[in-house]
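Each chain, written out:
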Amino acid sequence: MKMGVTNDRRRLIPATAFAAVTALALPALTACSGNATASSDAENGGRLKVTTSFYPLEFLVEQIGGDRVAITDLTKPGVEPHDLELAPQQVAALTESDVIVYLHGLQPAVDAAVKQSGVNRTVDAATLTTLEDHGTEVDGRTHTTGDNGTGAQSAEDAGADPHVWLDPVRYAEVARGVAKSLEQADPAHAATYGKNAETLLAKLDALDTEFRDGLKNRASDTFVTTHAAFGYLAERYGLVEEAINGVDPESEPSAARLRALQDLAKKSGVTTVFFETLVSDKTAKTVAGDLDLRTDVLDPIEGITDQSKGTDYFSVQRANLQALRTALGAK
């Protein structure tokens, strides 16, 4: 499995092309749906067939469902979720799902596929917690997330911030909703899902405590990232996120935005420019070099690869906490 960074922007399937793909894929599936379903049920050992859109939701279903679920994740390790394309076979396979768990607004290709799938039981994680718009403020001017300092928001970045999983408290709210949906889809094993969910919620509560305690007695509140993914985490723990780019991690910042961030870094005692593992670190290194700052990884946990500083959500979050403690001078 190739793990690495790609700087090429992938194109999402347009609505017209998606309709054509669906028209071709679905009749073939329907023609053999009886045998395919029977075969699939046998292969899954009677487990609930759950399709998830990307890693944070796959992790929730895995933790809550345990061996009672068979999971298919649409976003493979190493693929930046914002750039996801869906192959025709993935679109067709969606129709075989018992449950689909996704986050509306993060991956337009997935949103379109779910709408066309005809699956009755779909779980939109965006409806299981509260979503907010996150902006940044430089020199008294408020900028909408994704505006890169211009004051104008791009179409891709419009709407609420989807990165709720980086806040353990909001992630726990999503976990409760996912557990309830699995219990409703498979009532014979509701007790198992409930017990697993309680175990997961306890771990998330402990993680929340670790962040609260670990970020006490810090020297600074402000951190700079290349990707505006940490607004909920910053809000939860009283921090200030200043993002070079918007929700799209590979968008290019304007010269005005870079100048504003340079001034802010000097005034706020910023020590570090954070980048992530799934996209290029070029911008972070350029900004850091101009200001004689260090760089480090702050992982939005959109996927786990060999480059991740951990093997699952919890270990990567703890690596994030340590990186923030160092950058903010926490004692």
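Residues numbered from 1 in each chain as written. Predicted model: local features only at pLDDT ≥ 70, side-chain atom pairs only at ≥ 80, totals over all residues. Heavy atoms only, no water.

Enquirer: Can you help me understand the overall build of the chain in this one?
Expert: On a plain count of helices and strands, the chain comes out with eleven helices and ten strands. Summed over all atoms, the accessible surface of the chain reaches about 14500 Å², with 49% contributed by carbon and sulfur. (Helix = DSSP H or I, 4+ residues; strand = E, 2+ residues; numbered from the N terminus. Areas by Shrake-Rupley, 256 points an atom, 1.4 Å probe, with all protein chains shown as cover.)

Enquirer: Explain the sheet that holds strand β1 (residues 48–52) to me, please; I cannot follow it from the model alone.
Expert: Consider a sheet: its strands pair through backbone hydrogen bonds, and that pairing is either parallel or antiparallel. Across the sheet, which stays open at both edges, the four strands sit in the order β2-β1-β3-β4 with parallel pairing between neighbours. Both outer strands of the open sheet, β2 (69–73) and β4 (122–124), are each paired with one neighbouring strand and no more. Direction aside, the axes of adjacent strands within the sheet are offset by 20° on average. Note that strand β3 (residues 99–102) and β4 share three bridges and pair parallel. The residue of β4 that forms the bridge with Y102 is D124. Of the strands in this sheet, β3 and β4 are in contact with helix α5 (residues 108–117), which crosses β3 at around 155°. (Pairing = 2+ DSSP bridges. Axes fitted to C-alpha atoms, helices over the stretch in contact; angles between N-to-C directions. Contact = heavy atoms within 4.5 Å.)

Enquirer: Explanation requested: the sheet that holds strand β8 (residues 240–243) in the structure shown.
Expert: Strand order in the open sheet made by the four strands is β8-β7-β9-β10, with parallel pairing throughout. Both outer strands of the open sheet, β8 and β10 (294–297), are each paired with one neighbouring strand and no more. Here the average twist between neighbouring strands, direction ignored, is 35°. Across the face of the sheet, helix α9 (residues 255–268) comes into contact with β7 (222–225) and β8 while running at roughly 145° to β8.

Enquirer: Looking at this model, I keep getting lost on helix α3 (residues 55–65). Mind explaining?
Expert: Working note: α-helix, 3.6 residues per turn, so residues spaced by three or four point in the same direction. Within α3, eight of the eleven residues are buried, leaving the element largely enclosed by the surrounding structure. Listed as buried for α3 are Y55, P56, L57, F59, L60, V61, I64 and G65. Residues of α3 that are buried sit in contact with β1, β2, β3, α6 (168–185), α7 (190–214) and α11 (313–328). One or two residues past the end of α3 sits G66, with phi positive at roughly 55°. (Buried < 20%, exposed > 50% of the residue type's maximum accessible area, 1.4 Å probe, protein only.)

Enquirer: What is the right way to read the packing of α3 against α7 from this model?
Expert: Pairs of packed helices are described in terms of their axes, by the angle between the two and the distance that separates them. Two elements in contact, α3 and α7, have axes whose closest approach is 7 Å; the angle formed by their N-to-C orientations is 125°. For the element pair α3 / α7, the angle class is oblique. Packed against α3, whose contacting residues are F59, L60, Q63, I64 and G65, the element α7 presents T192, Y193, N196, A197, L200 and K203 at the interface. Looking at the contact of α3 with α7 residue by residue, the classes come out as six nonpolar, four polar and one charged. (Parallel < 35°, antiparallel > 145°, perpendicular 65-115°, else oblique. Nonpolar A, V, L, I, M, F, W, Y, C, P; charged D, E, K, R; others polar.)

Enquirer: How should unusual backbone geometry be read in this particular structure?
Expert: Most peptide bonds adopt trans geometry, and most residues besides glycine take a negative phi value. Located in the positive-phi region is N217, a residue other than glycine, with phi close to 55°. With phi around 55°, I301 is a residue other than glycine that occupies positive phi space. Overall, I301 belongs to the buried group, its relative accessible area being 0%.

Enquirer: Looking at this structure, I do not really get the pattern of salt bridges. What am I missing?
Expert: Note on pairing: side chains with opposite charge can pair once their charged atoms come close. Within this structure, the stated rule accounts for eleven salt bridges. Across the salt bridge formed by R170 and D167, the nearest N and O atoms sit 3.3 Å from each other. With a shortest N-O distance of 3.5 Å, K216 and D213 are connected by a salt bridge. Given the relative accessible area of 44%, D213 is considered partly exposed. (Salt bridge = Lys/Arg side-chain N within 4 Å of Asp/Glu carboxyl O.)

Enquirer: When you look at the environment of N196 in this model, what are you seeing that I'm missing?
Expert: Within the secondary structure, N196 sits in helix α7. Looking at N196, the relative accessible area reads 22%, which means it is partly exposed. In sequence terms N196 and I64 are 132 residues apart; their C-alpha atoms lie 4.9 Å from each other.

Enquirer: Quick question: what am I supposed to make of the nonpolar core here?
Expert: Note that soluble globular proteins tend to have their nonpolar side chains buried in a common cluster. Among the nonpolar cores identified, the biggest contains 55 residues, and I64, L103, W165, F223, L239, Y313 and L324 are the most heavily contacted of them. Counting only elements with at least two residues in this core, the list comes to β1, α3, β3, α6, α7, α8 (231–236) and α11. Here L239 is in contact with L215, R218, D221, F223, L233, A234, L324 and L328, once residues within four sequence places are set aside. (Core = buried A, V, L, I, M, F, W, Y, C linked by side-chain atoms within 4.5 Å.)

Enquirer: Mind showing me how you'd approach the packing of aromatic side chains here?
Expert: What describes a pair of aromatic rings is the distance from one ring centre to the other and the angle between the planes of the rings. Following the criterion strictly, the structure yields eight aromatic pairs and no others. Here a set of aromatic residues connected by ring pairs shows up, and it is made of Y55, F59, Y171, Y313 and F314. (Phe/Tyr/Trp six-rings, centres within 6.5 Å; stacked < 30°, edge-to-face > 60°.)

Enquirer: Which parts of the structure should I look at to understand the confidence of the model for the chain?
Expert: When pLDDT is low, close inspection of the predicted coordinates is not appropriate. The predicted model of the chain averages 81 in pLDDT, with 76% of residues at 70 or higher. For the stretch residues 136–158, pLDDT sits under 50, and the model shows 55 contacts to residues farther than four places along the chain or on other chains. (pLDDT = per-residue confidence, 0-100.)

Enquirer: Mind showing me how you'd approach the environment of R218 here?
Expert: Topologically, R218 is positioned in the loop between α7 and β7. Sequence separation between R218 and T326 is 108 residues, and the spatial gap between their C-alpha atoms is 9.2 Å. Sequence-distant contacts of R218, that is, excluding residues within four places in its chain, are made with Y237, G238, L239, L328, G329 and A330.

Enquirer: Help me understand α6, please; the structure alone is not making it clear to me.
Expert: Taking 1.5 Å as the rise per residue, α6 with 18 residues should run 26 Å; its terminal C-alpha atoms sit 25 Å apart, in good agreement. Listing the buried residues of α6 in full gives P168, R170, Y171, A172, V174, A175, G177, V178, A179, S181 and L182. Sitting at the head of α6, D167 places a side-chain oxygen 3.0 Å from the backbone nitrogen of V169. (Expected span 1.5 Å × (residues − 1). Polar contact = N/O pair within 3.5 Å; in protein donor to acceptor, adjacent residues only side chain to side chain.)

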